[in-house]
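Survey of secondary and tertiary structure
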Amino acid sequence: MDADLLHPNANGYKAMATGVHSAIVARGWTGVLPVPAAPSVGVNDYSYRFVASRSTTPADSAIASLNNEVEAGTDLVQAVSTKQPLLRRTANDAWVDFDGTDDVLALPSFSPSGGVTVAILARVQSTAFTSLVNLSNSGGLNIQMVSQPQVGTAKLDLRAGTDPRLGLSDTTKNPGDGAWHLLVGVFNGASSIVAFDTVATSGSIGAGLANRLSFGDTNMGGLGGVPTNYDVAEILVYNRALTSAEITGTLFPAVKANHPTLMP
């Protein structure tokens, strides 16, 4: 049956539908309406962007993949159902809940050409030494951004290889305080940076290129620790080394503005 016949103003309904269809065709949209782009983060030349609130996974359900906003088919994935984190939602935002047991999301195919910047909007729930970001390759390279809230002065670290004395630290901030923070690691050899919201510290870590990027796993490179118990609302990966000014002056305020419920 013609749907127009069911409408009290058949001619008006048909004209409206025809106009909408014509506008869609004129713009080259076929099949479905386009999905609006994610809000700007100020520094927009990222290679990967994963935003939990844009996932179609229902609330409190296991998430097998988190889509890359930049390129289809380059998603964070987990094929093993028992290792899939849960997608949590509120009325205004969402995050991936890593349970602190064995949840992992990974980007198996990862080919940076030089310096790498990884930024995560996260709420660390663990009060023990725990890895937040892991980069690795088959040649034995292991670089982590780690939270150390239980050792002396709480701090955010970058660490390379199996030696826990390497890396750089910001001991003025506590990533394990249970609040949402933008945590950034710039993995760039002698010009590396670790940043906590608006505070950035520069230093030197081991150089090398990784081909695997993961979130949630632990014990990389013999560093030990416990499985990551944290919530992650957004992940940004740049195929270059961001500067401290870009991170603290542009990226942080933009991410904060995009998540007012999490970072009021």
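Below or above, wherever it landed, is the structure these notes cover. All values derive from a computational prediction rather than experimental measurement. (Residues numbered from 1 in each chain as written. Predicted model: local features only at pLDDT ≥ 70, side-chain atom pairs only at ≥ 80, totals over all residues. Heavy atoms only, no water.)

Quick word on the overall build of the protein chain
Helices and strands together make up the secondary structure of the protein chain, namely 2 helices and 17 strands. Every one of the 264 residues in the protein chain was classed for burial, and the buried ones make up 45%. Intrachain contacts of the protein chain at a sequence separation of at least 6 include 64% that bridge at least 24 residues. Carbon and sulfur atoms make up 54% of the accessible area of the protein chain, which totals about 12000 Å². (Helix = DSSP H or I, 4+ residues; strand = E, 2+ residues; numbered from the N terminus. Buried < 20%, exposed > 50% of the residue type's maximum accessible area, 1.4 Å probe, protein only. Contact = heavy atoms within 4.5 Å. Areas by Shrake-Rupley, 256 points an atom, 1.4 Å probe, with all protein chains shown as cover.)

Description of the pattern of salt bridges
One pass over the structure, following the stated rule, counts 7 salt bridges. A salt bridge links Asp97 to Arg88; its shortest N-O distance comes to 3.0 Å. The exposure class of Asp97 is buried, given its relative accessible area of 17%. Judged by its relative accessible area of 24%, Arg88 falls in the partly exposed class. The partner of Glu246 in a salt bridge is Arg240, with the nearest N and O atoms 2.8 Å apart. Judged by its relative accessible area of 21%, Glu246 falls in the partly exposed class. What you see here is one network of salt bridges that share partners, running through Asp45, Arg240 and Glu246. (Salt bridge = Lys/Arg side-chain N within 4 Å of Asp/Glu carboxyl O.)

Remarks on the side chain of Arg123
Considering the arrangement of structural elements, one finds Arg123 in strand 8 (residues 116–124). Overall, Arg123 belongs to the buried group, its relative accessible area being 19%. Not counting residues up to four positions away in its chain, the partners in contact with Arg123 are Trp95, Gly178, Ala179, Trp180, Tyr230 and Asp231.

Thoughts on the environment of Ile143
With respect to the helices, strands and loops of the structure, Ile143 is situated in strand 10 (residues 142–148). Along the primary structure Ile143 and Phe187 are separated by 44 residues, whereas in three dimensions their C-alpha atoms are 8.0 Å apart.

Examining the packing of aromatic side chains
Per the stated rule, a full pass over the model turns up 5 aromatic pairs. Seen in terms of ring centroids, Tyr48 and Phe110 are 6.0 Å apart; in terms of plane orientation they differ by 55 degrees. Their pairing is tilted. Taken together, the positions of Tyr48 in strand 1 (residues 48–51) and Phe110 in the loop between strand 7 (105–107) and strand 8 put the pair 62 residues apart, joining distant regions of the chain. Just as Tyr48 is buried, Phe110 falls in that class too. (Phe/Tyr/Trp six-rings, centres within 6.5 Å; stacked < 30°, edge-to-face > 60°.)

Re the pairing of strand 14 (residues 192–196)
Counting buried positions over the 5 residues of strand 14 gives 5, a clear majority of the element. By the alternation rule, side chains of strand 14 split into Ser192, Val194 and Phe196 and Ile193 and Ala195, which are all buried. Here strand 13 (residues 180–187) pairs with strand 14 via 4 bridges, running antiparallel. Bridging from a neighbouring strand, Leu183 pairs with Phe196 of strand 14. From the end of strand 13 to the start of strand 14, which pair antiparallel, there are 4 residues, and Gly189 there has a positive phi angle of about 60 degrees. Across 5 bridges, strand 14 lies against strand 15 (residues 199–203) in antiparallel orientation. The partner of Phe196 across the bridge, within strand 15, is Val199. From the end of strand 14 to the start of strand 15, which pair antiparallel, there are 2 residues, and Asp197 there has a positive phi angle of about 55 degrees. (Pairing = 2+ DSSP bridges.)

Observations concerning the environment of Asn67
Among the secondary structure elements, Asn67 is positioned in the loop between strand 3 (65–66) and strand 4 (76–77). Asn67 sits in the partly exposed class, given a relative accessible area of 48%. With 15 residues separating them in the primary sequence, Asn67 and Ala52 have C-alpha atoms 8.7 Å apart. What Asn67 contacts, discounting residues up to four positions off in sequence, is Arg49, Phe50 and Asp75.

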